[in-house]
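Given next are the chains, with one letter for each unit.
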Amino acid sequence: MWASIAWRLFWRELSRGELWVIAFALFLAVGSVVSLSGITEGVKSALMQRSAQFNAADKVLRSSQPFDPAVIELAQQSGLNTAQQMQFDSMLFAGDVMQLATIKAVSDSYPLRGSLQLKRSANPATGDDVQPEPGQLYFEARLFDLLNIGVGDTVELGVARFIVAGVIVNEPDAPLSVFGGAPRVIMHLADVAATQIVQPGSRIGYRYLFAGNNAALDSFEQQMNSQLTVHQRWQDMDRESAIGGALERAERFLLLAGLLGIVLAACAAAVAAGRYSQRHTQAVAIIKALGATRAQIRLIYGSHLLLVVLFSLLCGALAGQLAIEAVHWGIGFYFADYRADFSWRPLWLGCLTCFVCALLFAARPMWRLANTAAIEVLKQPAVNLPLDKLQLLFGSLAIWGLMWLFSGELVLSIGLFLLCAAFAGILLAGAALLVRFAKPVAAGQSSARRLALANLRRRLWANSFQLITFSLAIFLALLLYFLRAELIGQWQRQIPPGSPNQFLVNITEQQRTVLQDFAAANNLQLGRYYPVVRGRLTAINDEQLLQEATKEDRTEQRVGVGRELNLTWLSELPDNNQVTAGNWLNTDKAQVSVEEEIAQRLDVKLGDTLAFSIGGQQLSATVSSIRKVDWNSLQPNFYMILSPDLLAEFPATYITAFYLEPERTMLLNQLARLMPTVSVISVDNIINQVNDIIAQVTIALSFILLIICLAAGLVLVAQVQATLEQREQELAILRTLGAQYPFLRNALLLEFTLLGAMAGLFATILAEAMLLIVQQRVFELPFQLHYNLWWMGPVMGMVLVTALGWWQLRRLLQIPGAQLMRKVLQG
Amino acid sequence: MGASGSGKSTLLSLLAGLDIPTSGEVYLAGKALHNLTEDQRAAIRASDVGFVFQSFLLLPGLTALENVTLPAELAADKQAKQRGLALLQQVGLAERADFYPAQLSGGEQQRVAIARAFITSPAVLFADEPSANLDAATGQKIEDLLFKLNSDQGTTLILVTHNNDLAARCQRQLRMQAGRFVSDDVKDMADVG
């Protein structure tokens, strides 16, 4: 029977506001959680897939020991596709000519991701596509010139002879490093044994390549982790480009925005549920007087909440999923091979958020409702229920819990929560001060102004919570707006239009003049020349690096060092480099500046002496500085920079870079013909990729800003609604006492304008403080004041609060006095 | 009977089990209310007690019929609707069964409240100033209706009022002052109108 009563009351209640406010708040919470986590996952997955293409696999296990069939078997049992490759440096002989090359031997299924493109030709621009076959080698284009041979000729590798079958046009997991290295050769894995190159102690890199769906990959990785040997390690998949950094910042930002959205939505739900309960106190007392038990009351009102929760959950999840689909579609637009994986995680997170919000913010006031004493039926309904301290505690804990759940970062969640709590405290104190200050100001004002100020004082005093939520809502909207601008600006600065997109490597001293002429003739702006000498780090403080292969192997990234380091000498600290310890190379001789990560891995400290072997000659240098390098910048970066006195005498090659418009790429072919030994490395792909991400994330950010603004608006609506009854009573009395419409309107508008200005001002101060903290701590941006904020905040506060207040209360002003009085008397 | 603040409503709330005394004992229909939990007292109210309040106290979200049937539905009475319609017929509001309280006049709302009070055939009916919020003529009609239904259903009616005429229609009049009884007049049944 209670169900039919509950159902009937529910339908009638829908026509009043609070249930919708609760529903919309929960909808926003669910929708934002689902869409944000889904979008983040989608963008991340797109980037992982891109980086998988650059790694030729979803996961790569590297080993210094021969392939273990058990690993391959385990991967295949997990439903993964597998491939293997070996990589080693070896001499190639073509008659009397020899050349050191990096040989990559691949199995049939290579590559698992991305595409390997080989052509039956010495020129990448012509010839048929072919697949690597046993008995054949494929060369990087410059190797044909270096060995002075052509397609079809025979070369010796180890003790075996091979036919050179063609040229490598595209190798998915080729080093993106602007340094290049030795020319590259691809062969079939089955031929390696015949070369007899693999001997005990040979330096061979073995790689297991895996591809498959995320679940299978994760489960395989977990199983493998427990049995990894000291020789095996997973390859880092996404550190090599600017993308990793851009995405990490975007993820943090989305996370932050998501948290703020949830906090706001939870506030709106709590306010609306509080008012719902307050308005139903008398109805509950009546029903109880008529014989209802507490359990029946809880069933009746609990079912209302449950219906609202289910409705919001369904709509929120649907809307969130639609947003995710839209983003998948958008990503697919930029990235043709994108495989959108469906994930339950966003939906699960959304459900959990909804239930936590509903239980800890909305259910508590409704639960308390059942405790209303039946005797209340004989009393006047209270205008304001006393503050529920337990609700405050539960609510606060729930907000923190959600922050933790959503971010997965304990420190961030505690920090953000404490900041919010501190802000609430500051606002409370600020409100108290303003209320005191407003009293003397009110004296001597016109009566409408006096009424507005009096109203403001009384309500502020009685319910400072309102000012806090207004301020918090405006604060969050402002914070998000400015952070968004900050973030997009920073990304755009990172790759400004016209950044070098073509790098030239292996330029000899003589070729510099030719290149200079070519650049002048074609109106190209060449960048700085970086000299490069390849050398080996042999000792640290007289300690010979016997295990140098292992140590270097660990640092070997595609942008990183190989077995030989690229050494340069510079007198000035390059851009994107920052000395973190010691001093940049000063006038003293024989110094070296070491990049901080490699310094840490090799345990190199200031004052250590490093010994290098360059072309058989030994030299040593003292570490005078440790540098932090921005690997995200598309600039040549060096692990070791030596003082000019050490290297200037060695024969060096040079690296330089220039910007080439997309429509002039034909010039690269001319350049290749002019200087065949110079490698051209185009980073256009990376730049385009980063720009794509910026475009996508910008759309996502605007979407989040919209969600936050909606949530903030909802909090304002819930708050104004919560004072509706009290306002009705006051208006009825004022009307009865003869107050005219213009007087009441002016008083109301003034009250909301002042309230909005106050909330806007508080919000501005807090937003500026928070921006400065977040700017430095989270985004690592320089300290900078936001002048626009100082007018936008108060203006936004005034306009928003006044418009929303007026929108909700204007009807109340138009009700004739007698009718209003009757409404108030009838409750 | 008694003046404002004399303790009439407090006494009524104690008698009906809406509240419990800080000291003393209250028995209703043989049950010791002061020893019962809130939900046990609610069960007694559901089975043995009816209420008519001064300010009607109908649920604005329910129609006249739904307001009348509410106590019966809480007690899981399957005949609630038929009984509710019959009672609305008796109070002359059968045509307004689907009206909401806001669409009814004060007198009509109180008639709905009376119908609601009788739907569970309570042993005791408590009425708190049932005609105080109504004009004299309507008040008179409401009182007549209350006494008629009371007599038809054989209910014990306990009325709180400061209206001497209304009090005069009761079998026993207890007068209160500052929380204490100051007089107790019992009339013959023949005198009660």
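Residues numbered from 1 in each chain as written. Chains lettered and ligands numbered in written order. Predicted model: local features only at pLDDT ≥ 70, side-chain atom pairs only at ≥ 80, totals over all residues. Heavy atoms only, no water.

(A) A look at the overall build of chain B. Helix and strand content of chain B: seven helices and seven strands. In chain B, buried positions account for 50% of the 193 residues. Sequence separation of 24 or more characterises 62% of the internal contacts of chain B that already satisfy a separation of 6 or more. Of the roughly 9,000 Å² of accessible surface on chain B, a fraction of 49% belongs to carbon and sulfur atoms. (Helix = DSSP H or I, 4+ residues; strand = E, 2+ residues; numbered from the N terminus. Buried < 20%, exposed > 50% of the residue type's maximum accessible area, 1.4 Å probe, protein only. Contact = heavy atoms within 4.5 Å. Areas by Shrake-Rupley, 256 points an atom, 1.4 Å probe, with all protein chains shown as cover.)

(B) Molecular detail of the nonpolar core. Counting 146 residues, the largest nonpolar core has Ile22, Tyr301 and Phe475 of chain A together with Phe51 of chain B as its most contacted members. The element contributing the most residues to this core is helix 7 (residues 242–279) of chain A, with 17 residues. Those residues in contact with Tyr301 of chain A that sit more than four places away from it in its chain are Leu9, Tyr276, His280, Ala283, Val284, Ile287, Met366 and Leu369 of chain A. With 33 residues, the next largest nonpolar core counts Val91, Val112, Ala113 and Ile142 of chain B among its residues. (Core = buried A, V, L, I, M, F, W, Y, C linked by side-chain atoms within 4.5 Å.)

(C) Representation of helix 6 (residues 136–153) of chain B. Residues and elements named next belong to chain B. When the terminal C-alpha atoms of helix 6 are compared, their 26 Å separation across 18 residues agrees well with the 26 Å that a helix rising 1.5 Å per residue should span. Burial in helix 6 covers these residues: Gly139, Ile142, Glu143, Leu145, Leu146, Phe147, Leu149 and Asn150. Contacts made by the buried residues of helix 6 are with strand 3 (49–52), helix 4 (80–90), helix 5 (106–118), strand 4 (124–128), strand 5 (156–160) and helix 7 (164–168). With a side-chain oxygen positioned 3.2 Å from the backbone nitrogen of Ala137, the residue opening helix 6 is Asp135. (Expected span 1.5 Å × (residues − 1). Polar contact = N/O pair within 3.5 Å; in protein donor to acceptor, adjacent residues only side chain to side chain.)

(D) Layout of the packing of helix 21 (residues 724–736) of chain A against helix 23 (residues 787–814) of chain A. Residues and elements named next belong to chain A. Packing of helix 21 against helix 23 brings their axes to within 10 Å, and their N-to-C directions diverge by 35°. Of the two elements, helix 21 crosses helix 23, and the hand of that crossing is right-handed. Judged by residue contacts, Leu724, Arg727, Glu728, Leu731 and Arg735 of helix 21 engage Leu809, Leu812, Leu813 and Gln814 from helix 23. Taken together, the residues of the contact of helix 21 with helix 23 break down into five nonpolar, one polar and three charged. (Axes fitted to C-alpha atoms, helices over the stretch in contact; angles between N-to-C directions. Left-handed = near helix turned anticlockwise from the far one by under 90°. Nonpolar A, V, L, I, M, F, W, Y, C, P; charged D, E, K, R; others polar.)

(E) Just the sheet that holds strand 5 of chain B, in detail. All names here are of chain B. Read across the open sheet, the three strands follow the order 3-4-5; overall the sheet is parallel. Of all the strands in the sheet, just strand 3 and strand 5 have a single pairing partner and so form its edges. Between one strand axis and the next, the sheet turns through 15° on average, direction left out of account. In terms of strand pairing, strand 4 meets strand 5 through five bridges, oriented parallel. Among the inter-strand pairings, Val124 is bridged to a residue of strand 5, identified as Thr156. Sheet strands touched by helix 2 (residues 38–48): strand 3 and strand 4. Its angle to strand 3, the strand with the most contacts, is close to 80°. Where helix 6 meets the sheet, it contacts strand 3, strand 4 and strand 5, and its direction lies at approximately 155° from that of strand 5. (Pairing = 2+ DSSP bridges.)

(F) Region of interest: the interface of chain B and chain A. Taken together, the 30 residues of chain B in the interface contact 24 residues of chain A. Between chain B and chain A, roughly 2,500 Å² of surface is buried when both sides are summed, and carbon and sulfur atoms account for 64% of that area. At the junction of chain B with chain A, the criterion picks out six salt bridges. Of the charged contacts in the structure, one is a salt bridge between Glu66 of chain B and Arg12 of chain A, with a shortest N-O distance of 2.8 Å. For the side of chain B that touches chain A, the per-class residue count stands at 15 nonpolar, five polar and ten charged. (Buried area = accessible area lost by both parts, 1.4 Å probe. Salt bridge = Lys/Arg side-chain N within 4 Å of Asp/Glu carboxyl O.)

(G) Spotlight on a nonpolar patch on the surface. Where nonpolar side chains cluster on the molecular surface, the patch consists of Trp404, Leu410, Val411, Ile414 and Leu418 of chain A and spans about 480 Å² of accessible area. In terms of residue count, the dominant contributor to the nonpolar patch is helix 12 (residues 410–442) of chain A (four residues). (Patch = residues over 30% accessible without salt bridge, like charges linked within 9 Å, V, L, I, M, F, W, Y side chains within 5 Å.)

(H) Local environment of the environment of Leu349 of chain A. Residue and element names in this part refer to chain A. Looking at where Leu349 falls in the secondary structure, it is placed in helix 10 (residues 345–369). The spatial distance from the C-alpha of Leu349 to the C-alpha of Val34 is 6.8 Å, given a sequence separation of 315 residues. For Leu349, the residues in contact, after removing those within four places along its chain, are Val33, Ser37, Leu405 and Phe406.

(I) Representation of the pattern of salt bridges within the structure. One pass over the structure, following the stated rule, counts 19 salt bridges over all chains. Its salt-bridge partner being Asp58 of chain A, residue Arg113 of chain A comes within 2.9 Å of it at the nearest N-O pair. Here Asp58 of chain A lies in the loop between helix 2 (18–55) and strand 1 (59–63) and Arg113 of chain A lies in the loop between strand 3 (97–106) and strand 4 (117–119), a separation of 55 residues in the sequence. Of the two residues, Arg113 of chain A and Asp58 of chain A, both sit in the buried class. Note that Asp144 of chain B and Arg169 of chain B form a salt bridge whose closest N and O atoms lie 2.9 Å from each other. Of this pair, Asp144 of chain B sits in helix 6 while Arg169 of chain B sits in the loop between helix 7 and strand 6 (172–177); the two residues are 25 residues apart in sequence, bridging distant segments of the chain. Counted as one network, the salt bridges with shared partners bring together Arg8 and Arg12 of chain A together with Glu66 and Glu73 of chain B.

(J) Geometry of the packing of aromatic side chains. The final tally for this structure, using the stated rule, is 18 aromatic pairs over all chains. For the pair Phe220 of chain A and Trp234 of chain A, a centre-to-centre distance of 6.2 Å together with 85° between the ring planes defines the contact as edge-to-face. Here the residue Phe220 of chain A occupies a position in helix 6 (residues 214–225), and Trp234 of chain A occupies one in strand 11 (residues 232–234), the gap between them amounting to 14 residues. Here Phe220 of chain A matches Trp234 of chain A in class, with each residue buried. Note on Phe51 of chain B and Phe53 of chain B: the rings are 5.3 Å apart at their centroids and 10° apart in plane angle, and the pair reads as stacked. The rings of Phe67, Tyr206, Tyr208, Phe210, Phe220 and Trp234 of chain A are connected pair by pair, giving a single aromatic cluster. (Phe/Tyr/Trp six-rings, centres within 6.5 Å; stacked < 30°, edge-to-face > 60°.)

(K) Fine view of helix 1 (residues 2–14) of chain A. The end-to-end C-alpha distance of helix 1 of chain A is 18 Å, a good match for the 18 Å that 13 residues give at a rise of 1.5 Å each. Buried within helix 1 of chain A are the following residues: Ile5, Ala6, Arg8, Leu9, Phe10, Glu13 and Leu14 of chain A.

(L) Examining the packing of helix 3 (residues 64–74) of chain B against helix 4 of chain B more closely. Residue and element names in this part refer to chain B. Helix 4 packs onto helix 3 with a crossing angle of 130° between their chain directions and a minimal axis gap of 9 Å. Comparing their axes, helix 4 and helix 3 come out oblique. Considering only the axes of helix 3 and helix 4, their crossing is right-handed. Residues Ala64, Leu65, Val68, Thr69, Ala72 and Glu73 of helix 3 form the contact with helix 4, whose participating residues are Ala80, Lys81, Gly84, Leu85 and Leu88. Looking at side-chain class alone, the contact of helix 3 with helix 4 contains seven nonpolar, two polar and two charged residues. (Parallel < 35°, antiparallel > 145°, perpendicular 65-115°, else oblique.)

(M) Local environment of the pairing of strand 13 (residues 530–540) of chain A. Residue and element names in this part refer to chain A. In terms of burial, strand 13 is a largely internal element, nine of the eleven residues being buried. Across four bridges, the pairing between strand 13 and strand 18 (residues 609–614) is antiparallel. Paired with Arg536 across the bridge in strand 18 is Ser613. Note: strand 13 against strand 14 (residues 543–544), two bridges, orientation antiparallel. Along strand 14, the bridge assignment pairs Ile540 with Glu543.

(N) Up close: the side chain of Thr82 of chain A. All names here are of chain A. Mapped onto the elements, Thr82 comes out in strand 2 (residues 81–94). In this structure the side chain of Thr82 is engaged in a polar contact, spanning 3.4 Å, whose partner is the side chain of Gln76. Residues in contact with Thr82, not counting those within four places in the same chain, are Ile72, Ala75, Gln76, Ser109, Leu112, Leu209 and Phe210.

(O) Region of the structure containing unusual backbone geometry. Residues and elements named next belong to chain A. With an omega dihedral of -10°, the bond running from Tyr110 to Pro111 counts as a cis peptide bond. As for its placement among the helices and strands, Pro111 is situated in the loop between strand 3 and strand 4. Positive phi outside glycine occurs at Asn506, with the angle close to 70°. Within the secondary structure, Asn506 sits in strand 12 (residues 502–507). In this model, Asn523 sits at a positive phi of 60°, which is unusual for a non-glycine residue.

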